[in-house]
Amino acid sequence: MSVPHKVGTVKSKQATNVKAPVAKVVKAAGKKKDEEEATDTAEGEEWMPGKTLVKPPDQLDLTEEELNEEITRVLTANNPNAPQNVVRYGFKEGCYKPIIFVDQMAIHFELEGNLVHKESDEGRRLMAKQAEREEGTGAEKLDNVAKAGEKERKLTNQFNFNERASQTLNNPPRDISCQTEPPPRANFSATANQWEIYDFYVEELKRREKSKEKQEGQVLNKEEDKSKKKIIQAETQSDDITQLAHAAKIIERMVNQNIFDEVAQDFMYFEDAADEFRGEKGTLLPLWKLQYDKAKGLSVTALCWNPKYNDLFAVGLGSYEFTQEERGMLLFYTLKNSSYPEFIFNTTSGVMCVDIHEQLSYLVAVGLHDGCVAVYNLKKKSDQPVYNSTASSGKHRGAVMQVKWQKDDLDSNHNFISVSADGRVVSWTLVKHELVFTDIIKLPATDKVPDDLKDVIATAGTSLDFHKQKDYHFLVATEAGKIHKGSKYYSSKFLETYDAHFMTVSRVRWNPFHPNVFISCGWDWMVKIWDQTIKSPIFTFELKTSVTDVAWAPYSSTIFAAITNDGKSRDHA
Amino acid sequence: MAETGDGKKEDADYKRLQSFPLIRHTDMAEEMRVETMELCVTACEKFASNNENAAKMIKESMDKKFGSSWHVVIGEGFGFEVTHEVKNLLYMFFGGSLAVCVWKCS
């Protein structure tokens, strides 16, 4: 805003007193200025189309003369805010004295600088510090300089930097808790007394002595082992496996019984409605077919039921062909499990006959094709026979055709009798670990053989049977067709001889009920029933083919069954 | 009198002769059983006169080897009924007159 104006400039002149308060003047000046401003704007806009003069409401109304009066203004260097009548107490005079000189400086703006003169002390100090710093970083900077050529040093500013931060995504936390099952617990209680401890020690010592004895002795008593195991309660792996075997066996039997359920029912109760129409004849229903893979190629040569366990029977396998390979098996089947044999024994040569002891049903005697006899113990787990006859211990020179257990002798040793193709009837006794043989009798040679050769060529015995009541009487049938009745105590001669058949007698059996009657069958197609007192047969049956086996029915004295070579079985009454 | 006295002495000697460690009842695994039995024998022989220290030794060793919270009782005349973790109990006799019962239950 410029004060001098063309039209209507007002110059106010006021006599200013130095000591007078300046505030009024300022205010007045302010007002005037306001006026001037108002008129200025009014004047500035006068050349603009027709605006009327606007007067502020508190403007002094002055006449035109007064308006044109020139007022001079004087600018002085006096500070209007500075106090003009300052008094100070003077101790010298003891009264207030006015101070004439008052500071007139009014500070409008103040800024403290940080420039330091080079030559001053502080300046020199700072220069020295800077020099040190530069020396320290001089080496690097020299390198940089050397590398990049001439470079100006960059002064790092502490206050000028960038801060950057970032946060990766954190997966939200989740609570999971779990409780394991506590280990299983059991209760146990006992009492610890002096006498209990003592008793237990004594028992233990006894047990140890017994076990020492047993190691020297023969048979191990399994019950004691079990009781030992109970006390120690050591769980070994073998126990687990045997228990598994036992369970598996039971399951196998159950499965088999389920499969063959109908057959088992037939076994128990077999009533064929067609029987009524057949008249005298009945029907024979084959129930089970028992097969064993490894026994293929072997023919069944012997069968024997177990007297104690009604469903267990023994099968002897061998071959009738003498030129075939020597191999044999002894199998035990049970009707409860018709798919697999219970016990399997491999023998060195074909089995010809099997017999199971009446009382001790685990003792099995077998006669082999090579003339050996062997005794197996079913209770033992081993595959080997308990007793075996060897060449030195008097084995037969021909195939053993029949073996039969006898009652225990006076020394309570088990014994059995065998008859074989070499014509000898031998009694074997089980003594400790050996088989001791005793020749009972030798079959006499046939008449056809010339006298000098009678001792050499023997007649083969084919069948042997002992009387049910009189144990010492036995019947021996021969290949020559004769049946001899002999006695165990009478070793040189036979009691009786019957001319039974023209060809080999394949089987002779006593009647289980009638003390005098026996039956025989031979390859000459005939089955004959005899009374031992009469030399000729009571009954004779002619079947169309050679008869290989005949047996009495165990429940009736008048029924027998016969098997012929054409594969048929007949029951006769 | 002298004879009966000797008889008694023999009896006692006889008992001492059978001082081998004898397991009365256990359901531990084989290895654990053997180790524990040996430890008990060692402890009882070491602290023959002080059952408490023997028991302490057994308990601390068992805790270190097989995990926490084993309990051990050693004595000549006591009865007990305990709940134990299955396969972690040993009850044995030793020295003809000492009975040791070791079980785990946390």
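Every value quoted in this text rests on a predicted model; they were computed, and no experiment measured them.

*Asks:* How should the environment of A:Ser420 be read in this particular structure?
*Replies:* Residue and element names in this part refer to chain A. Its location among the elements puts Ser 420 in strand β13 (residues 415-420). Owing to a relative accessible area of 0%, Ser 420 belongs among the buried residues under this scheme. As a C-alpha pair, Ser 420 and His 396 span 24 residues in sequence and 6.7 Å in three-dimensional space. Aside from chain neighbours lying at most four places away, what touches Ser 420 is His 396, Gly 398, Ala 399, Val 400, Met 401, Ala 460 and Gly 461.

*Asks:* Mind showing me how you'd approach the confidence of the model for chain A here?
*Replies:* Do not read the predicted coordinates in detail wherever pLDDT is low. All names here are of chain A. Of the residues in chain A, 74% have a pLDDT of 70 or more, and the chain-wide mean is 73. Predicted confidence is poor over residues 1-42, with pLDDT under 50, and the contacts of this stretch with residues over four places away or in other chains come to 42 contacts. The low-confidence segment residues 233-237, where pLDDT is below 50, has 6 contacts with residues more than four positions distant or belonging to other chains.

*Asks:* When you look at the sheet that holds strand β5 (residues 98-104) of chain B in this model, what are you seeing that I'm missing?
*Replies:* Each strand in a sheet pairs with another by means of backbone hydrogen bonds, the pair being arranged parallel or else antiparallel. Residue and element names in this part refer to chain B. Pairing is antiparallel across the open sheet formed by 4 strands, whose spatial order is β1-β4-β5-β2. Lying at the two open borders of the sheet, with one neighbouring strand each, are β1 (22-26) and β2 (70-75). Averaged over all neighbouring strand pairs, the angle between strand axes comes to 15°, with direction disregarded. Direction of pairing for β1 relative to strand β4 (residues 89-94): antiparallel, over a ladder of 4 bridges. Residue pairing in the sheet places Leu 22 in a bridge with Phe 93 of β4. Here helix α2 (residues 30-46) sits on the sheet in contact with β1, β2, β4 and β5, set at roughly 45° to β4. Packed on one face of the sheet, helix α3 (residues 51-66) meets β2 and β5 and runs near 155° to β2.

*Asks:* Would you mind going over the packing of aromatic side chains with me for this structure?
*Replies:* Two numbers describe a pair of aromatic rings. These are the distance of the centres and the angle of the planes. Tallying each qualifying case throughout the model produces 21 aromatic pairs over all chains. Aromatic side chains A:Phe345 and A:Tyr376 sit 4.6 Å apart centroid to centroid with 40° between the ring planes, which places their arrangement in the tilted category. Here A:Tyr376 lies in strand β10 (residues 373-377) and A:Phe345 lies in strand β7 (residues 343-347), a separation of 31 residues in the sequence. For A:Phe345, a relative accessible area of 4% gives the class buried. Classification of A:Tyr376 as buried rests on a relative accessible area of 2%. Ring centres of A:Tyr498 and A:Trp530 lie 5.6 Å apart, and the angle between their planes is 55°; on these two criteria the pair is classed as tilted. Taken together, the residues span a long stretch of sequence, with A:Tyr498 in strand β19 (residues 496-499) and A:Trp530 in strand β22 (residues 526-531) at a distance of 32 residues. Over the face of the ring belonging to A:Phe502 we find A:Lys528, whose NZ or CZ atom lies 5.9 Å from the ring centre. A cation over an aromatic ring shows up here: B:Arg24 above the ring of A:Phe200, its NZ or CZ 5.1 Å from the ring centre.

*Asks:* Mind showing me how you'd approach the packing of α2(B) against α3(B) here?
*Replies:* A packed helix pair is summarised by two numbers, namely the angle formed by the two axes and the spacing between the axes. Residues and elements named next belong to chain B. One way to put it is that α2 packs onto α3 with a least axis distance of 8 Å and a crossing angle of 150°. As judged from the angle between their axes, α2 and α3 are roughly antiparallel. α2 and α3 meet at a crossing whose hand is right-handed. Touching Met 32, Glu 35, Thr 36, Leu 39, Cys 40, Thr 42, Ala 43, Cys 44 and Lys 46 of α2 are Ala 54, Met 57, Ile 58, Ser 61, Met 62, Lys 65 and Phe 66, all from α3. Its residues placed into classes, the contact of α2 with α3 shows 10 nonpolar, 3 polar and 3 charged.

*Asks:* Explain the pattern of salt bridges here, please?
*Replies:* When the charged atoms of two side chains lie near each other, side chains of opposite charge can form a pair. All names here are of chain A. Taken as a whole and judged by the stated rule, the model has 10 salt bridges over all chains. With a shortest N-O distance of 3.6 Å, Glu 203 and Arg 207 are connected by a salt bridge. Note that Glu 203 and Arg 207 are positioned in helix α5 (residues 194-216) at a spacing of 4 residues, about one turn of the helix. Residue class for Glu 203 comes out partly exposed when judged on its relative accessible area of 41%. Residue classification places Arg 207 among the buried residues on the basis of a relative accessible area of 16%. Put simply, Asp 549 and Arg 507 hold a salt bridge, and the shortest N to O gap is 2.9 Å. Separated by 42 residues along the polypeptide, Asp 549 in strand β24 (residues 547-552) and Arg 507 in strand β20 (residues 505-510) bring together distant segments of the chain. Judged by its relative accessible area of 14%, Arg 507 is buried.

*Asks:* Just checking my understanding: could you explain the interface of chain B and chain A for this structure?
*Replies:* Often, the extent of an interface is quoted as the loss of accessible area upon association of its parts. On the chain A side, the residues contacting the 35 residues of chain B number 26 residues. For the pairing of chain B and chain A, the buried interface totals around 2,800 Å² over both sides, and the portion due to carbon and sulfur atoms is 56%. Across the chain B-chain A interface, the total number found is 0 salt bridges. Going through the elements one at a time, α1 (2-17), β1, β3 (78-85), β4 and β5 of chain B are the ones with two or more residues in the side of chain B that touches chain A. When residues in the side of chain B that touches chain A are grouped by element, the largest group, 8 residues, is from β3(B). Considering only residue class, the side of chain B that touches chain A consists of 15 nonpolar, 12 polar and 8 charged. One ladder, built from 8 bridges, connects strand β3 (residues 185-192) of chain A with β3(B); its direction is antiparallel. The partner of A:Phe188 across the bridge, within β3(B), is B:Val82.

About the cut-offs
- Residues numbered from 1 in each chain as written.
- Chains lettered and ligands numbered in written order.
- Predicted model: local features only at pLDDT ≥ 70, side-chain atom pairs only at ≥ 80, totals over all residues.
- Heavy atoms only, no water.
- Helix = DSSP H or I, 4+ residues; strand = E, 2+ residues; numbered from the N terminus.
- Buried < 20%, exposed > 50% of the residue type's maximum accessible area, 1.4 Å probe, protein only.
- Contact = heavy atoms within 4.5 Å.
- pLDDT = per-residue confidence, 0-100.
- Pairing = 2+ DSSP bridges.
- Axes fitted to C-alpha atoms, helices over the stretch in contact; angles between N-to-C directions.
- Phe/Tyr/Trp six-rings, centres within 6.5 Å; stacked < 30°, edge-to-face > 60°.
- Lys NZ or Arg CZ within 6 Å of the ring centre and 35° of its normal.
- Parallel < 35°, antiparallel > 145°, perpendicular 65-115°, else oblique.
- Left-handed = near helix turned anticlockwise from the far one by under 90°.
- Nonpolar A, V, L, I, M, F, W, Y, C, P; charged D, E, K, R; others polar.
- Salt bridge = Lys/Arg side-chain N within 4 Å of Asp/Glu carboxyl O.
- Buried area = accessible area lost by both parts, 1.4 Å probe.

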